[in-house]
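# Summary of the model geometry
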Amino acid sequence: MKNSFSTRSWWFVGLIGVGMPLFFQNCKHKTAANSDRFVRDSSEFVVDESFSPIVDEELYIFRALDSTVHPKIVYAPENEAVNLLMADSLRVAILSRELTAQEKNVLNSRNLKSNVYCFAIDAVALIVNKQSSDTTITVSEIKKMLHGDTKQDKNIVFDNPNSGLVNYLKEFSGSPILKQKNIYALKSNKDVIKYVSEHANAIGIVGFSWLNDPDKDYADAVGKVKIVGVSDDVSKNAPKGYFTPSQTTLALKQYPLKRNLYILNWTGSIYSLGMKFAEFLKGDRGQRIILKSGLLPYDIPGREINIVKLK
C-alpha cells in the first residue's frame, strides 16, 4: 500500500513539473502582450517632404516620450512616396490626400488591413515680395494665372514638380499640366520663399507651415515676403472678403486654399509602430503640437479653465 501510494505521488509530481513551466510561460506571454499593445521596433515611414516642419516637431516629442521607438523617416515628393507604397517598399505614409481607388486596389490585393486618419489641415499660401503692390487675389484669378491667362508679367514659382502641392494645384485649376512659360518648378518650399524674397515680380505658392517659426537658414527670406489675401468668388455661399491663412480662417472655412494631412497605415496590423504614431498624432498631445504650429488640428484640443472665487 505504501509503495503504491509513493508511485502515484512521484508520477503526479512529475506531471506538475512538466506542466508548471508551460503554464507560467503562457501567463508571461499573455502579460507581455497585454502590457505592450504595439510592436516597438525600427520602422520606416515615407512623408511628403512639404510637411517636414510639422512632422519633425511631432517626431521630436514622440521619441522623447518613448525611447524604445525608433521610426525612420524618408522625406520624398508625393508621387515618389506613393510609388514606395505601391512597390511595398514602405507601408506607412503621410500625405495630403488619400489613395485613389486604383491605388487602393493594388494594396488590397496584398490582403493588408488599412487605417487612414486625418490629423491636421494645412493652408496653401500665395506669397509675394515685400516690395510688391499685390496684396489680394480671387480664386478665379488664381485659376486663370495657373492656365497662363493672366499675370504674364509675373513669374509663378512652386516646389518640386512631383510634390503634393503641384498635384493640388492641378486639381484646383482643372489643368493636368502646369507648363506655361511663366510658371516654374523649383526644388523645395525653402527655394520658393528665397526666390520670392529676391524677386519683386514673383508669386510663390507654398505650404503655410513653412511660414510659421522658420528655421534659421531661411528665416531672413520669410521676413522679406508677405502673404496675399484670397477671396473665393467661385464657390456658392462663400464668405465675402479677402482672407489670409490662419487657424481662425481655416476653422471658419473662410480661407479657400486648404488641404488635409493624412497618415496612411498599410502594415496590416493595428499593433504596428505606424499605428502607434497615428494614435499619437490624433491624440491630445499630437493635436496640441499642431495647434502650436499654426496649422489647424483635426480635433481641436479643449482648454480647461479653473475659476477661483475670491473672498
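Check the entry above for the structure.
Figured I'd write up the structure that's included with this text.

### Observations concerning the overall build of the protein chain
Assigned secondary structure in the protein chain consists of 11 helices and 12 strands. Looking at the 311 residues of the protein chain, the share that counts as buried comes to 42%. Within the structure as shown, the protein chain displays about 17,400 Å² of accessible surface, and the carbon and sulfur contribution to it stands at 53%.

### So, the packing of aromatic side chains
Evaluated as defined, the whole model comprises 6 aromatic pairs. With a centroid separation of 5.3 Å and an interplanar angle of 50°, the aromatic rings of Phe62 and Phe280 are classed as tilted. Of this pair, Phe62 sits in helix 2 (residues 52-65) while Phe280 sits in helix 10 (residues 273-282), placing them 218 residues apart in sequence. Taken individually, Phe62 and Phe280 each receive the classification buried, so the pair is uniform in this respect. Of the aromatic side chains, those joined through ring pairs into one cluster are Phe45, Phe62, Phe277 and Phe280. Stacked on the ring of Phe172, the Lys or Arg Lys143 has its end atom at 5.3 Å from the ring centre. Here the guanidinium or amino end of Lys282 rests over the ring plane of Tyr117, the centre of that ring lying 4.6 Å away.

### Structural notes on the packing of helix 3 (residues 78-86) against helix 4 (residues 101-108)
As a packed pair, helix 3 and helix 4 sit with axes 10 Å apart at the nearest point and diverge in direction by 30°. As judged from the angle between their axes, helix 3 and helix 4 are roughly parallel. Here Val82, Leu85 and Met86 of helix 3 lie close against helix 4, whose contacting residues are Glu103, Val106 and Leu107. Taken together, the residues that form the contact of helix 3 with helix 4 break down as 5 nonpolar, no polar and 1 charged.

### Quick look at the nonpolar core
With 65 residues, the main nonpolar core has Leu126, Ile142, Ile193, Ile205, Leu257 and Phe277 as its most contacted residues. Looking at this core, the element that brings in the most residues is strand 4 (residues 115-129), giving 9 residues. In contact with Phe277, other than residues within four places in its own chain, are Phe45, Glu58, Leu59, Phe62, Ile94 and Ile263. Within the second largest apolar cluster, 15 residues are counted, among which are Val46, Leu95, Leu107 and Trp266.

### Thoughts on the side chain of Ser163
Structurally, the position occupied by Ser163 is in the loop between strand 6 (155-158) and helix 6 (164-173). On the basis of relative accessibility, which here comes to 0%, the residue Ser163 falls in the buried class. Reaching out from Ser163, the side chain makes a polar contact with the side chain of Asp159 at a distance of 2.8 Å. Apart from the residues within four sequence positions on either side, Ser163 is in contact with Pro77 and Glu78.

### Notes on the environment of Leu95
Inspection of the secondary structure puts Leu95 in strand 3 (residues 92-95). Residue Leu95 is classed as buried on the basis of its relative accessible area of 0%. Separated by 48 residues in the primary sequence, Leu95 and Val47 have C-alpha atoms spaced 6.5 Å apart. Here Leu95 is in contact with Asp48, Phe51, Glu78, Ala81, Val82, Asn260, Leu261, Tyr262 and Leu264, once residues within four sequence places are set aside.

### What about helix 11 (residues 284-293)?
Along helix 11, the positions that sit buried rather than exposed are Gly286, Gln287, Ile289, Ile290 and Ser293. Along helix 11, the residues classed as buried sweep out an arc of 150° about the axis, all on the same side. For helix 11, the elements touching its buried residues are helix 2, strand 4, helix 9 (247-251), helix 10 and strand 12 (296-297).

### Brief notes about the side chain of Glu58
Note on placement: Glu58 falls in helix 2. One buried charged side chain, Glu58, makes no salt bridge at all; its nearest oppositely charged neighbour is Arg285, positioned 8.7 Å away. Apart from the residues within four sequence positions on either side, Glu58 is in contact with Phe277, Phe280, Leu281, Gly286, Ile289 and Ile290.

### Notes on the environment of Lys226
By secondary structure assignment, the location of Lys226 is in strand 9 (residues 225-227). A relative accessible area of 23% places Lys226 in the partly exposed class. Considered as a pair, Lys226 and Ile127 are 99 residues apart in the sequence and their alpha carbons are 5.5 Å apart. Excluding its chain neighbours within four sequence positions, the residues that come into contact with Lys226 are Leu126, Ile127, Val128, Asn129, Lys130, Ser132, Asp134 and Thr135. A distance of 2.6 Å separates the side chain of Lys226 from the backbone oxygen of Ser132, its partner in a polar contact.

### Examining the environment of Asn162
Within the secondary structure, Asn162 sits in the loop between strand 6 and helix 6. Taking C-alpha positions, Asn162 is 9.1 Å from Ala76, a pair spaced 86 residues apart along the chain.

About the thresholds
Residues numbered from 1 in each chain as written. Predicted model: local features only at pLDDT ≥ 70, side-chain atom pairs only at ≥ 80, totals over all residues. Heavy atoms only, no water. Helix = DSSP H or I, 4+ residues; strand = E, 2+ residues; numbered from the N terminus. Buried < 20%, exposed > 50% of the residue type's maximum accessible area, 1.4 Å probe, protein only. Areas by Shrake-Rupley, 256 points an atom, 1.4 Å probe, with all protein chains shown as cover. Phe/Tyr/Trp six-rings, centres within 6.5 Å; stacked < 30°, edge-to-face > 60°. Lys NZ or Arg CZ within 6 Å of the ring centre and 35° of its normal. Axes fitted to C-alpha atoms, helices over the stretch in contact; angles between N-to-C directions. Parallel < 35°, antiparallel > 145°, perpendicular 65-115°, else oblique. Contact = heavy atoms within 4.5 Å. Nonpolar A, V, L, I, M, F, W, Y, C, P; charged D, E, K, R; others polar. Core = buried A, V, L, I, M, F, W, Y, C linked by side-chain atoms within 4.5 Å. Polar contact = N/O pair within 3.5 Å; in protein donor to acceptor, adjacent residues only side chain to side chain. Arc of directions from axis to C-beta. Lys, Arg positive; Asp, Glu negative; His and termini not counted. Salt bridge = Lys/Arg side-chain N within 4 Å of Asp/Glu carboxyl O.

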